[in-house]
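Per-entry structural report
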Amino acid sequence: EERDEFSLLRVWLLARGLEQAPEFEFLNLGLLAYVGGGEALNQVKLGDVPLFNYAGEIAFALWKTVYLSKQAATRNQALIAFDWLRTELFGRDITRL
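Residues numbered from 1 in each chain as written. Predicted model: local features only at pLDDT ≥ 70, side-chain atom pairs only at ≥ 80, totals over all residues. Heavy atoms only, no water.

1. A closer look at the sheet that holds strand E1 (residues 30–36)
Backbone hydrogen bonds hold the strands of a sheet together, and the pairing may be parallel or antiparallel. Pairing in this open sheet of 3 strands is antiparallel, and the strands run E1-E2-E3 from one edge to the other. Each edge of the open sheet is held by one strand with a lone partner, namely E1 and strand E3 (49–56). Neighbour-to-neighbour, the strand axes of this sheet turn through a mean angle of 5°, independent of strand direction. With 7 bridges connecting them, strand E2 (residues 39–46) and E3 associate as antiparallel partners. (Pairing = 2+ DSSP bridges. Helix = DSSP H or I, 4+ residues; strand = E, 2+ residues; numbered from the N terminus. Axes fitted to C-alpha atoms, helices over the stretch in contact; angles between N-to-C directions.)

Structure below.
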């Protein structure tokens, strides 16, 4: 049995000077979807306000940009970008060992 005054949530709230957790608010920034064949879909929003929608190669370029920027390490960004470049130049390796 867990006592309320020592629960992790209670400690977190007290450290911030709060009695209860604030209500969750979701901010919709839109969506990005890779659909294959070098094409994607995107819908960029700020809350309920649509900013722009694209489909096709332009959306794929945005998808790649966001995908790279979300990588935590610069090393991962470089490895992914190199893999994309190698795939463009030489195609996918479909051999099996």
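2. Overview of the pattern of salt bridges
If you walk through the whole model with that rule in mind, you get 1 salt bridge. Between Asp83 and Arg86 there is a salt bridge, with its nearest N and O atoms 2.2 Å apart. Taken together, the residues span about one helical turn, with Asp83 and Arg86 both in helix H3 (residues 74–90) at a distance of 3 residues. Exposure remark for Asp83: the relative accessible area of 23% places this residue in the partly exposed category. (Salt bridge = Lys/Arg side-chain N within 4 Å of Asp/Glu carboxyl O. Buried < 20%, exposed > 50% of the residue type's maximum accessible area, 1.4 Å probe, protein only.)

3. Digging into the pairing of E2
Bridging between E1 and E2 involves 6 bridges; their strand directions are antiparallel. The residue bridging Gly30 from the neighbouring strand is Val44, located in E2. Between E1 and the antiparallel strand that follows it, E2, lie 2 residues; Gly37 among them carries a positive phi value of about 65°. Hairpin connection between E2 and E3: a loop of 2 residues separates the two successive antiparallel strands, and Gly47 in this loop has a positive phi of roughly 70°.

4. So, a nonpolar patch on the surface
Residues Leu27, Leu29, Leu46, Val49, Leu51, Phe52, Tyr54 and Ile58 make up a contiguous nonpolar surface patch of roughly 790 Å² in combined accessible area. Looking at the nonpolar patch element by element, the count peaks at 4 residues for E3. On the secondary structure map, Leu51 appears in strand E3. (Patch = residues over 30% accessible without salt bridge, like charges linked within 9 Å, V, L, I, M, F, W, Y side chains within 5 Å. Areas by Shrake-Rupley, 256 points an atom, 1.4 Å probe, with all protein chains shown as cover.)

5. Topic: the nonpolar core
Counting 7 residues, the largest nonpolar core consists of Ala40, Ala59, Phe60, Trp63, Leu68, Ile80 and Trp84. Those elements that provide at least two residues to this core are helix H2 (57–69) and H3. In this structure, Trp63 is in contact with Leu32, Ala33, Tyr34, Ala40 and Trp84, ignoring residues within four places of it in sequence. (Core = buried A, V, L, I, M, F, W, Y, C linked by side-chain atoms within 4.5 Å. Contact = heavy atoms within 4.5 Å.)

6. Some points on the confidence of the model for the chain
When pLDDT is averaged along the chain, the result is 89, and 92% of the positions lie at 70 or above. Element-level mean pLDDT values for the chain span from 87 in helix H1 (residues 8–15) up to 95 in H2. (pLDDT = per-residue confidence, 0-100.)

7. Observations concerning the packing of H2 against H3
Where H2 meets H3, the closest approach of the two axes is 9 Å, and the angle between their N-to-C directions is 150°. Taken together, H2 and H3 sit at an angle that is classed as roughly antiparallel. Across the interface between the two elements, Trp63, Lys64, Tyr67, Leu68 and Ser69 from H2 touch Gln77, Ile80, Ala81 and Trp84 from H3. In terms of residue class, the contact of H2 with H3 is made up of 6 nonpolar, 2 polar and 1 charged. (Parallel < 35°, antiparallel > 145°, perpendicular 65-115°, else oblique. Nonpolar A, V, L, I, M, F, W, Y, C, P; charged D, E, K, R; others polar.)

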